[in-house]
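Residue-level structure breakdown
Chain by chain, the residues:
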Amino acid sequence: MTSSTVPVLRVDNVWKFFGEHPVLRGISIEVAAHEVVVLIGASGSGKSTLLKTINLLEPVNDGQIFLGNEDITDPRVKPDAVRAQVGVVFQHFNLFPHMNVLANVTLALRQVHGQDRATADARGRELLARIGLADKANEYPDRLSGGQQQRVAIARAVATDPRLLLLDEITSALDPQLVGEVLDLVRGLKESGSTILMATHEMGFARRVADRVVFLKDGVIVESGTPEEIFDRPQHPATKEFLARVLNPLG
Amino acid sequence: MSSTESTARGTAEFIPSGIELGRRRHRRAQGTRSVLISVVSTVVFAAVVLGVLFNSTGWPQVQASFFDGKSMVNSLQPILIGLWLNIQVLFFAALGVAILGSLLAIARTLRGPIFTPIRLLAAGYTDIFRGLPVLLVMYLIGFGVPGLNLFERMPAQFWGTIALILCYSAYVAEVLRAGIEAVHPSQRLAARSLGLSHAKTLRLVVMPQAVRKVTPALMNDFVSMQKDVGLISVLGAVDAIRAAQIQVAQDFNFSPYVVAGILFVLLSLPMIRLTDWFTARAQKREQIGGAV
Ligand SMILES: Nc1ncnc2c1ncn2[C@@H]1O[C@H](COP(=O)(O)OP(=O)(O)OP(=O)(O)O)[C@@H](O)[C@H]1O
Ligand SMILES: [Mg+2]
């Protein structure tokens, strides 16, 4: 990363409280274009909360978040305009059950980006073909398997070519044999140049897909680095302890 | 097990086994038997009821004053013309209820301190109009409002339609509000994170799901309204009931009321059947686990 290029995302000393309880305590992260950054950390460490503040679903209590050059924590910024540039996939599929797969994927194209139906449908079908679900375009979400639903959710998030993709534990509601197909899709996105910030409990996947891994504990970044640095040569005792626990839960 | 058998199993061709064919024969025989039993029991039951009715001492008088064939035939045409007015009122009232009911429901779900007065107004409105008898609202609107001389003269059915809209919007708003609250918050979140505005989230994501969830209840309200359109007769509108009343006064015979009653039932039957069908279907989907 050269110092002259502006990162896609820059989180600068962000604090977030729920009541008296601090959940994020001075978090700073940068994500450069085409970079995949993976957040790891115990349950309750603040991964989801951080992703929500970036999508403006939760207001920050201090610090700034920049999308490109724009400070999106500025109260004058329109949240809808920010969200239109950021794709999000949650742990649960959250597809719209009353719309078929194609309508789910094209909703934002039509209703936020003002594309006509034909253009949006063409883009939607192309995406569905890419994720191997071209024949499911007219199905309703409840007739798809969990893995297929999650792939549609990802297609819906990338349909508008967002500058940044936020993925929050997108495989944790899936059976083990379905996890693979979703992770393959994320790898495909990485190869095609998406910029991704994701939270996951899948350490094996984090290692394979991440350019950088960030370990969070109690709302603080304890350690960050390449997958090799974090997984093979962790420096901080907390990181070692966390990895020992998740990699060998019975030991 | 021979090898030919196992390869036959592997092919896509399905040939039902002797056991399956036996099961099918048994099911068919059972089906025929239960149809026969239900037909026989229905016929016997109807025969007993009608036998008791026709053999009661008062039956000839009742038949003469409620089931007089000539009076029924004579009254049919004016009552049908009246019923057409009921249907028109029903149409406009349903339209008005859909609009006002949705607005009230949305008003009650608005969050944030700025909306407090709107929310309170909507809550007060639904409380009052759910408590007031429709007939009373008919009188108050139909005779009270024209008395104010604020508007030019409107026909009775106009005020009747307004009264129906006022009452039924309150019921429908409550049903819709329950539906809106039953839509999972993550749906709203998912819509907002796609960049959809608050209004579009409501219109494209929340309301369609809310309406689906409460469709059986809404259909029941519609069936109720279908008969309450008959109340516009108290304002002097010549609807089916009023037309029947006029015929009753002419013939000194109550049969026209029976005609009007039958017509109202016929009018509501399709909707009632549709409601049952829809509820059954929704239940079946629920059992399969259709919710995402
Ligand atoms: N809306 C909220 N109100 C109050 N507290 C909250 C809220 N959302 C999260 N928290 C708290 O913030 C802390 C961090 O939650 P968060 O969901 O960010 O954790 P996480 O790292 O995503 O955990 P997991 O791995 O289990 O998903 C938790 O202690 C949680 O109880
Ligand atoms: Mg989480």
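Residues numbered from 1 in each chain as written. Chains lettered and ligands numbered in written order. Predicted model: local features only at pLDDT ≥ 70, side-chain atom pairs only at ≥ 80, totals over all residues. Heavy atoms only, no water.

All names here are of chain A. Most of strand 3 (residues 36–41) is tucked away, with six of its six residues classed as buried. Burial of strand 3 is two-sided: the residues Val36, Val38 and Ile40 facing one way and the residues Val37, Leu39 and Gly41 facing the other way are all buried. Relative to strand 8 (residues 196–199), strand 3 runs parallel, the two being bridged by four bridges. Following the sheet pairing, leucine 39 is matched in strand 8 by alanine 199. Pairing geometry for strand 3 and strand 9 (residues 212–217), over five bridges, is parallel. Residue pairing for strand 9: valine 37 is matched across the bridge by arginine 212. (Buried < 20%, exposed > 50% of the residue type's maximum accessible area, 1.4 Å probe, protein only. Helix = DSSP H or I, 4+ residues; strand = E, 2+ residues; numbered from the N terminus. Pairing = 2+ DSSP bridges.)

The next subject is the sheet that holds strand 5 (residues 70–71) of chain A. Residues and elements named next belong to chain A. Across the sheet, four strands lie side by side as 2-1-4-5; this open sheet has antiparallel pairing. In this open sheet, the two strands that pair with only one neighbour each are strand 2 (21–31) and strand 5. The pairing of strand 1 (residues 9–18) with strand 4 (residues 62–67) spans five bridges and is antiparallel. Its bridge partner being in strand 4, tryptophan 15 is matched across the sheet by aspartate 62.

All names here are of chain B. The residue serine 75 is located in helix 4 (residues 69–109) in this model. For serine 75, the side chain forms a polar contact with the main-chain oxygen of methionine 72, separated by 3.1 Å. Apart from residues lying up to four places away in sequence, serine 75 is in contact with Gln247, Pro256 and Val259. (Polar contact = N/O pair within 3.5 Å; in protein donor to acceptor, adjacent residues only side chain to side chain. Contact = heavy atoms within 4.5 Å.)

Attention now moves to the environment of Leu274(B). Residue and element names in this part refer to chain B. Note on placement: leucine 274 falls in helix 11 (residues 255–288). According to the relative accessible area criterion, leucine 274 is partly exposed, its value standing at 41%. Here the alpha-carbon distance between leucine 274 and glycine 144, two residues 130 residues apart in the chain, equals 38 Å.

All names here are of chain A. With respect to spatial proximity, 13 residues lie near ligand 1, and among them Ser43, Gly44, Lys47, Ser48 and Thr49 are the closest. One nitrogen or oxygen atom from the side chain of glutamate 169 is found 3.1 Å from an oxygen atom belonging to ligand 1. A distance of 3.1 Å separates an oxygen atom of ligand 1 from a polar atom in the side chain of histidine 201. With the chains in place, 61% of the 640 Å² that ligand 1 exposes on its own is no longer accessible. Those elements that place two or more of their residues in the shell around ligand 1 are strand 2 and helix 1 (47–54). Sort the elements by how many residues they give to the shell around ligand 1 and helix 1 lands first, with three residues. Of the residues belonging to the shell around ligand 1, the class tally is three nonpolar, eight polar and two charged. (Near = heavy atom within 4 Å. Areas by Shrake-Rupley, 256 points an atom, 1.4 Å probe, with all protein chains shown as cover. Nonpolar A, V, L, I, M, F, W, Y, C, P; charged D, E, K, R; others polar.)

Attention now moves to the interface of chain B and chain A. Opposite the 21 residues of chain B that make contact, chain A presents 22 residues. Buried area between chain B and chain A, both sides added, is near 2000 Å², and the carbon and sulfur share of it is 62%. Across the chain B-chain A interface, the total number found is one salt bridge. Close ionic contact of Asp80(A) with Arg192(B) constitutes a salt bridge, the shortest N to O distance being 3.2 Å. At the junction of chain B and chain A, the tally comes to five residue pairs in polar contact (both at pLDDT 80 or more). Put simply, the parts of the chain that give the side of chain B that touches chain A at least two residues each are helix 8 (185–193) and helix 9 (198–228) of chain B. (Buried area = accessible area lost by both parts, 1.4 Å probe. Salt bridge = Lys/Arg side-chain N within 4 Å of Asp/Glu carboxyl O.)

Feature annotation in UniProt places "domain: ABC transporter" (unreviewed entry) on residues 9–243 of chain A, given in this structure's numbering. Along residues 9–243 of chain A one finds 37% helix and 26% strand; the C-alpha atoms at either end are 27 Å apart. (UniProt positions renumbered as here; feature names shortened; annotations may be inferred.)

This next bit is on the packing of aromatic side chains. Here the distance between the centres and the angle between the planes together describe a pair of aromatic rings. By the definition in use, this model includes 12 aromatic pairs over all chains. Geometrically, the ring pair formed by Tyr168(B) and Tyr171(B) is edge-to-face, given 5.2 Å between the ring centres and 75 degrees between the ring planes. Here Tyr171(B) and Tyr168(B) lie together in helix 7 (residues 156–182), a separation of three residues that amounts to about one turn. Sitting above the plane of the Phe96(A) ring, Arg156(A) keeps its charged end 4.6 Å from the centroid. (Phe/Tyr/Trp six-rings, centres within 6.5 Å; stacked < 30°, edge-to-face > 60°. Lys NZ or Arg CZ within 6 Å of the ring centre and 35° of its normal.)

Turning next to the packing of helix 4 of chain B against helix 9 of chain B. All names here are of chain B. In the contact formed by helix 4 and helix 9, the axes pass within 12 Å of each other and the chain directions differ by 135 degrees. By the angle between their directions, the pair helix 4 and helix 9 is classed as oblique. In terms of crossing hand, the pair formed by helix 4 and helix 9 is right-handed. Mapping the contact onto sequence places Leu90, Ala93, Ala94, Val97, Ser102 and Ile106 in helix 4 and Leu202, Met207, Phe222, Met225 and Gln226 in helix 9. Counted by class, the contact of helix 4 with helix 9 contains nine nonpolar, two polar and no charged residues. (Axes fitted to C-alpha atoms, helices over the stretch in contact; angles between N-to-C directions. Parallel < 35°, antiparallel > 145°, perpendicular 65-115°, else oblique. Left-handed = near helix turned anticlockwise from the far one by under 90°.)

Sheets are built from strands paired through backbone hydrogen bonds, the pairs being either parallel or antiparallel. Residues and elements named next belong to chain A. As summarised here, the arrangement of the six strands in space is 6-7-8-3-9-10, forming an open sheet in which the pairing is mixed. A single partner strand is all that each edge strand has here, and the edge strands are strand 6 (86–89) and strand 10 (220–225). Neighbouring strand axes in the sheet, compared pairwise and without regard to direction, differ in orientation by 20 degrees on average. Of the pairings in the sheet, the one linking strand 7 (residues 164–168) to strand 8 comprises four bridges and is parallel in character. Each bridged residue has a counterpart across the sheet, and for leucine 165 the counterpart in strand 8 is isoleucine 196. Where helix 1 meets the sheet, it contacts strand 3, strand 7, strand 8 and strand 9, and its direction lies at approximately 150 degrees from that of strand 7. Packing against the sheet, helix 9 (residues 237–247) makes contact with strand 3, strand 9 and strand 10, and its axis sits at approximately 95 degrees to strand 9.

Here the focus is the pattern of salt bridges. In this structure the tally under the stated criterion is 22 salt bridges over all chains. Note that Glu35(A) and Arg212(A) form a salt bridge whose closest N and O atoms lie 2.9 Å from each other. Of this pair, Glu35(A) sits in the loop between strand 2 and strand 3 while Arg212(A) sits in strand 9; the two residues are 177 residues apart in sequence, bridging distant segments of the chain. Taking the shortest distance from any N to any O, the salt bridge between Glu20(B) and Arg24(B) comes out at 2.9 Å. Taken together, the positions of Glu20(B) and Arg24(B), both in helix 2 (residues 18–55) and four residues apart, correspond to about one turn of that helix. Classification of Glu20(B) as buried rests on a relative accessible area of 16%. Take Arg24(B): its relative accessible area is 33%, and that puts it in the partly exposed class. What emerges from the salt-bridge pattern is a single network uniting Arg108(B), Asp127(B), Arg130(B), Glu174(B), Arg177(B) and Glu181(B).

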